[in-house]
Number of protein chains: 2
Amino acid sequence: MDGQEKESNGFFDPIPLSRVKRTFGAGTDVFEAGDLTFSLYSRAIPVPDPETADEEQLRHALVPAVLAELAVDNRGCGEQRLAFFGADQTENNCAVRHFAGEGLTGIGQGGKWAFFTDGEADTASGFVPACILGEEDEENWKFNNGKTGLLLLKVPPGERKTWRFAICFYRGDTATYGVEAKYFYTEYFGRIEEVGAYALKNFQRMKEESQETDRAFDRPWLTKEQRFMMAQAVRSYYNSTQLLVAEGKPIWIVNEGEFRMMNTMDLTADQSFFEGRMNPWTLKNELEFYLERYSYTDQVFFPGEDRLYPGGLTFCHDCGVANQFTRRGHSSYEKTKLTGCFSYMSQEQLANWLCCAFLYAEKSGDRKWLEDKNDVLLACFESMVNRDHPQEEKRNGVMGLDSSRTKGGSEITTYDSLDASLGQARNNIYLAGKCWAAYVMLERYFREKGNGVAAARAKRQAHRCADTLASHLSEEGYIPAILDEGCDSRIIPAIEGLAFPYEAGCREATEENGEYGAYIRALKTHFSSVVKPGICLFADGGWKLSSTSDNSWLSKIYLCEFVARRILGFDGETYTREADRAHAAWLTRPECSYWCWSDQIVAGIVMASKYYPRGVTSVLWLEEGVEE
Amino acid sequence: MDGQEKESNGFFDPIPLSRVKRTFGAGTDVFEAGDLTFSLYSRAIPVPDPETADEEQLRHALVPAVLAELAVDNRGCGEQRLAFFGADQTENNCAVRHFAGEGLTGIGQGGKWAFFTDGEADTASGFVPACILGEEDEENWKFNNGKTGLLLLKVPPGERKTWRFAICFYRGDTATYGVEAKYFYTEYFGRIEEVGAYALKNFQRMKEESQETDRAFDRPWLTKEQRFMMAQAVRSYYNSTQLLVAEGKPIWIVNEGEFRMMNTMDLTADQSFFEGRMNPWTLKNELEFYLERYSYTDQVFFPGEDRLYPGGLTFCHDCGVANQFTRRGHSSYEKTKLTGCFSYMSQEQLANWLCCAFLYAEKSGDRKWLEDKNDVLLACFESMVNRDHPQEEKRNGVMGLDSSRTKGGSEITTYDSLDASLGQARNNIYLAGKCWAAYVMLERYFREKGNGVAAARAKRQAHRCADTLASHLSEEGYIPAILDEGCDSRIIPAIEGLAFPYEAGCREATEENGEYGAYIRALKTHFSSVVKPGICLFADGGWKLSSTSDNSWLSKIYLCEFVARRILGFDGETYTREADRAHAAWLTRPECSYWCWSDQIVAGIVMASKYYPRGVTSVLWLEEGVEE
């Protein structure tokens, strides 16, 4: 669905895209064109918990390789043909490396990456492919200047030949600083040749796993646009991950796409549905790491006032950026004295940590972990309540005070580059929805734990929040984005928070005739009144998260689509089918399709958050039909 | 002498260059401007032989750090001023790293580079310096997104403060492939913090060594242009070096500037005068490495004929490129079936290896090494002779056959990007001069060894070569660049080869009234007839190595200047003073001065060979006067 036509450069005549058939899934990507078939087999499989998995399971799950296959059908031709597969140097550090021997032939760069094959091949290097392929004497394929490395593949006349490739990556030294960690796979692979040998030896099994990945992220009820977006999103998530090891302990990192911040907590929350499905232990790992190293205790204040009130435990925005962990208790992102982008997200990340914690416990069944964290949950709860209002009787369930860490600024939400409608944290109905979700799940936890006092208090906060939100439903049928502060924007993410209780075992709280029915009904009214042309729909039918911003984020659209369809009962035919066509078109616009999956789309044009991991909110769509 | 005026960018007002005083040497580089003094102290000291030096000597010589000092005089100001020193990320791998504690404050990137100070400083990171310096709140200096890292230095009102910095580099993992080697300094430094601690602890000593380096590459008889060029050349050489260790053994590598080929043999020959002066063991190391891994035995053929004759032992062009050693017996550069650039240099490198071997023995006094290599020297000699003519009686001392490795092509010389006048190897008078030098030194060696037969044979070849060259002196007083092949170009490097016997203990061979007096006199005639406007001088007075090419190489100019003045007795006032003004102007042309020292200059414009190590031929100038 992507790509631009390439023109002949005088040496190569590219096959026109119209003659290329592409079959694209979350695991496989197959290109067929005339005599050629090229297949890529990527890894998107559950990662076993290093605390419990055995060595062979881990080695297999973590092998840093993508597989490829090239078939050349020369049966209609009476001459030998020369196929090639290779790459240019990705960095200046090393010249092209030729590998030969021990059943492996390969080209690569230093110890960092290599393309191996176990088939018959020659290796070549040179300035550009045309130089290499134009060599009169094969000996000159070993010329080692220039940035291009190729595997050269001779196809005899009248034969069809297939080559298997392992595209391998390796970094053996310290991979991150601040916390000095290595890649976990270094426990099992000592050098890139070992990666190549393993991948080629296990080629068939790994290929089948990639095919299984295609099926795992496909369902009959998905439209072709949904399939495409989910597959891209799953790939983009995996591209951003690292499993590290420091002092024998695993650290799961999801980098924030092009921004490269590490385990950004507001992304972790959105990715929790995916991780909860694939490998819940990674959520636990992230939560523990935040608790131990990236939590802090603040105070809070009312806007415009100097007086500080007790705040409480909360969490940083991220753990670092671009392989550099930040100092304890501080993110790479948050700055003081701001009211917009780069301000603190103390309330947002507190709610996110709680949502992830309950989702983890539900998806893993690890109730013990939750109980071990009882003191933390109590502290988080206290911190939540303190951000509402210092006086019990004046609490309305919605965040009313900002963190002292802002030093007089205002907290923001994950929607940092939108306008205030979604960007401001205080009195924001998007964030209030997440706080409600946290209170609902806290209530259930305390109740099951037998802590009646805390349960009752959490329930009171949940009701206050729900009542506050429902009571702000306007006569026109919407809840303004920011309560009581004169911001009249209309935002789709008012409904976003419902996903957490729904997924974390509190579905009854999301029922329109249940305990919070009035709130749920108000959200339904809100949703149906804002998802309309001229309000929260772009001209192309795509969703506009805020009526006052052209910046719309696909990950959040996917999540809200799920909430609207699955939880609130809106039908996809009316509300999302046409929209998803537009959303897929945003990603596949030729000049924007290079970055795999992107999140921030301004009026249909990819603006930022390229290579982003967050689109895996779309895996919630897998739950929307009846399994066969 | 370099640099362009920078304009204000709205935040910074650069100090006009006219107000900056720069004092530049091979070791130190000091900038004074108003209240500011910034000094850089680089390392250009002899490297001790790892086989014999003790640990502390090696640690000290190899510490991968450059020192800097910043003095801010705030005595005339009643307010605190904020100075800064830092850098942008050099690669994308890691975000800015902040170092603090153990007496060191620093910013850097991963474990690869860091700027440390032992003075009072804050660390800061951000998108650009203006963002960091404009922060209202110092806490925001820890914002960790963006590529810029700074050390921030507060200068109290009325004080003068000085900070000392260690600019450190570190690579702990495998640095090269093909031969897997690490940096030798990893034996003494386990991480970059240790480099910083050592450098700051030994700051004063290292600073004094840099000042000593200034003196080591300065002499009263040098013009200011010569001083400048030599200092740049020494720096550019050191920038290209690596001392590696593989399986406990040291490997000395000089990378070929921007081309990055490793220990390119034809550069090694030119750099041998420098290495012989600084640390002769590196020459031995290079020679042994070539012998063991990058030598080969070929056959030879006459141009246009298929019949192969015995060739012999010779050496590759290089050992690899950009940290990738090539397979045994093959360079990264040489290709078959060519007659120009990228063809084989079998004769050139054979002569170079021999020249380096004799120079090493002379400068080190390591006669034993030479005797241990007796069989190699005999084989090299045989190989030299075989390239002259297969029949003894038809030999003229000049290369007449090309290597079978060219597969029907023609060998070239180091001057690969010039025209045939210097580029073709066969019958080339530049290369013949080097072959003569090799025969002269072989003769002396065999004679001293007591091998009268070989000595006589070598002497015969030396005389044949000298006679052939002298006999080709034309009526106009020059020897054509290529003998008997219709190439009538006039080249300065006809005289180049004299440097080797002169430096390797065979000065008498270079005397105009000596054994080869006719040859020497012919060269004098040649030189004085070609170094003239319209022949081998550019309009600006700079030297044009070949009358038929605008591509002139500074390293070779420096070498030939030495030969002309010191050996042939031409006076510098007439022949080189004006030329050197032009040569320095080539390097300091603002748009070309960025690359430290460059070799290939086309009609005064730097064309290639940037950051090149070869300019250290200029250290021969240090011998041209009488030491005080």
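Note that the structure is predicted; figures quoted are calculated from it, not measured.

Reading guide: rules and limits
- Residues numbered from 1 in each chain as written.
- Chains lettered and ligands numbered in written order.
- Predicted model: local features only at pLDDT ≥ 70, side-chain atom pairs only at ≥ 80, totals over all residues.
- Heavy atoms only, no water.
- Helix = DSSP H or I, 4+ residues; strand = E, 2+ residues; numbered from the N terminus.
- Rg over C-alpha atoms; globule rule 2.2 N^0.38 Å.
- Buried < 20%, exposed > 50% of the residue type's maximum accessible area, 1.4 Å probe, protein only.
- Contact = heavy atoms within 4.5 Å.
- Areas by Shrake-Rupley, 256 points an atom, 1.4 Å probe, with all protein chains shown as cover.
- Lys, Arg positive; Asp, Glu negative; His and termini not counted.
- Charge placed at Lys NZ, Arg CZ, Asp CG, Glu CD.
- Least-squares fit on C-alpha atoms with pLDDT ≥ 70 in both.
- Buried area = accessible area lost by both parts, 1.4 Å probe.
- Salt bridge = Lys/Arg side-chain N within 4 Å of Asp/Glu carboxyl O.
- Polar contact = N/O pair within 3.5 Å; in protein donor to acceptor, adjacent residues only side chain to side chain.
- Nonpolar A, V, L, I, M, F, W, Y, C, P; charged D, E, K, R; others polar.
- Pairing = 2+ DSSP bridges.
- Axes fitted to C-alpha atoms, helices over the stretch in contact; angles between N-to-C directions.
- Phe/Tyr/Trp six-rings, centres within 6.5 Å; stacked < 30°, edge-to-face > 60°.

Chemist: If you had to explain the overall build of chain A to someone new, which residues and values would you point to?
Modeler: When helices and strands are counted, chain A shows 18 helices and 22 strands. A compact globule built from 628 residues should have a C-alpha radius of gyration of about 25 Å, and chain A, at 26 Å, falls within 12% of that. The buried share of chain A, taken over its 628 residues, is 63%. Taking all contacts inside chain A whose residues are at least 6 apart in sequence as the whole, residues at least 24 apart take part in 68%. On chain A, roughly 22800 Å² of surface is accessible, and the fraction owed to carbon and sulfur atoms is 48%. Side-chain charges in chain A split into 69 positive and 93 negative, and the spacing between the mean points of these groups amounts to 2 Å.

Chemist: Account for the relation of the copies chain B and chain A, naming residues and giving values.
Modeler: Superposing chain B onto chain A requires a rotation of 180 degrees together with a translation of 0.0 Å along the rotation axis, leaving an RMSD of 0.0 Å. Within this description, the copies of the chain are treated as partners about a two-fold rotation axis. Scanning chain B for the C-alpha nearest the rotation axis identifies aspartate 173 of chain B, at a separation of 3.1 Å. Interface residue correspondence from chain B to chain A reaches 100%, placing this contact among same-surface, isologous pairings.

Chemist: Account for the interface of chain B and chain A, with residues named and values stated.
Modeler: How big an interface is tends to be stated in terms of accessible area lost as the parts join. Contacts between chain B and chain A engage 42 residues on the former and 42 residues on the latter. Between chain B and chain A, roughly 3500 Å² of surface is buried when both sides are summed, and carbon and sulfur atoms account for 45% of that area. Linking chain B with chain A are twelve salt bridges, by the criterion used here. The closest approach of N and O atoms between glutamate 135 of chain A and lysine 335 of chain B, which form a salt bridge, is 2.5 Å. Here chain B is connected to chain A by 26 residue pairs in polar contact (both at pLDDT 80 or more). Its residues assigned to classes, the side of chain B that touches chain A shows 13 nonpolar, 13 polar and 16 charged.

Chemist: Could you give me a rundown of the environment of glutamate 515 of chain A, with the residues and numbers involved?
Modeler: Residues and elements named next belong to chain A. Note on placement: glutamate 515 falls in the loop between helix H14 (499-503) and helix H15 (517-530). Glutamate 515 sits in the partly exposed class, given a relative accessible area of 43%. Between the C-alpha atom of glutamate 515 and that of cysteine 592, which follows or precedes it by 77 residues, the distance is 45 Å. In contact with glutamate 515, other than residues within four places in its own chain, are Lys459 and His463. One polar contact links glutamate 515 to histidine 463, side chain to side chain, over a distance of 2.7 Å.

Chemist: Describe the pattern of salt bridges, with residues and values.
Modeler: Residue and element names in this part refer to chain A. Under the criterion given, the structure shown has 112 salt bridges over all chains. For arginine 59, the salt bridge is made with glutamate 56, and the minimal N-O distance between the two is 3.1 Å. Taken as a pair, arginine 59 and glutamate 56 lie in helix H1 (residues 55-62) at a separation of three residues, close to a single helical turn. Here arginine 59 falls in the buried class, since its relative accessible area comes to 18%. Classification of glutamate 56 as partly exposed rests on a relative accessible area of 37%. A salt bridge links aspartate 270 to arginine 614; the nearest nitrogen and oxygen atoms lie 2.7 Å apart.

Chemist: Talk me through the sheet that holds strand E10 (residues 148-155) of chain B; I want residue IDs and the actual numbers.
Modeler: Residue and element names in this part refer to chain B. Taken together, three strands build an open sheet; the order of strands is E5-E10-E9 and the sheet is antiparallel. What marks the edges here is a single partner per strand, and that holds for strand E5 (81-88) and strand E9 (122-126). Strand after strand, the sheet turns through a mean of 30 degrees between neighbouring axes, direction not considered. Looking at chain direction, E5 and E10 are connected through eight bridges and run antiparallel. Bridge pairing in E10 places phenylalanine 84 opposite leucine 152.

Chemist: Before we move on, could you go through the packing of aromatic side chains and cite the residues and values that matter?
Modeler: All names here are of chain A. Scanning the entire structure with this criterion turns up 98 aromatic pairs over all chains. Centroid distance phenylalanine 127 to phenylalanine 143: 5.5 Å. Interplanar angle 65 degrees. Geometry classified as edge-to-face. Of this pair, phenylalanine 127 sits in the loop between strand E9 (122-126) and helix H2 (129-133) while phenylalanine 143 sits in the loop between H2 and strand E10 (148-155), placing them 16 residues apart in sequence. For phenylalanine 143, a relative accessible area of 4% corresponds to the buried category. Judged by centre distance (5.6 Å) and plane angle (75 degrees), the rings of phenylalanine 189 and tyrosine 198 are edge-to-face. What makes phenylalanine 189 buried here is its relative accessible area of 2%.

Chemist: I'd like a description of the sheet that holds strand E21 (residues 600-602) of chain A, backed by residues and values.
Modeler: All names here are of chain A. The strand order across the open sheet formed by three strands is E20-E21-E22, and the pairing between neighbours is antiparallel. The open sheet has two edge strands, strand E20 (551-553) and strand E22 (605-608), and neither has a second partner. Across this sheet, the average inter-strand angle for adjacent strands is 45 degrees, counted without regard to direction. Direction of pairing for E21 relative to E22: antiparallel, over a ladder of three bridges. Directly across from isoleucine 601, in E22, lies its bridge partner valine 606. Against the sheet, helix H16 (residues 554-567) touches E20 and E21, its axis set at about 60 degrees to E20.

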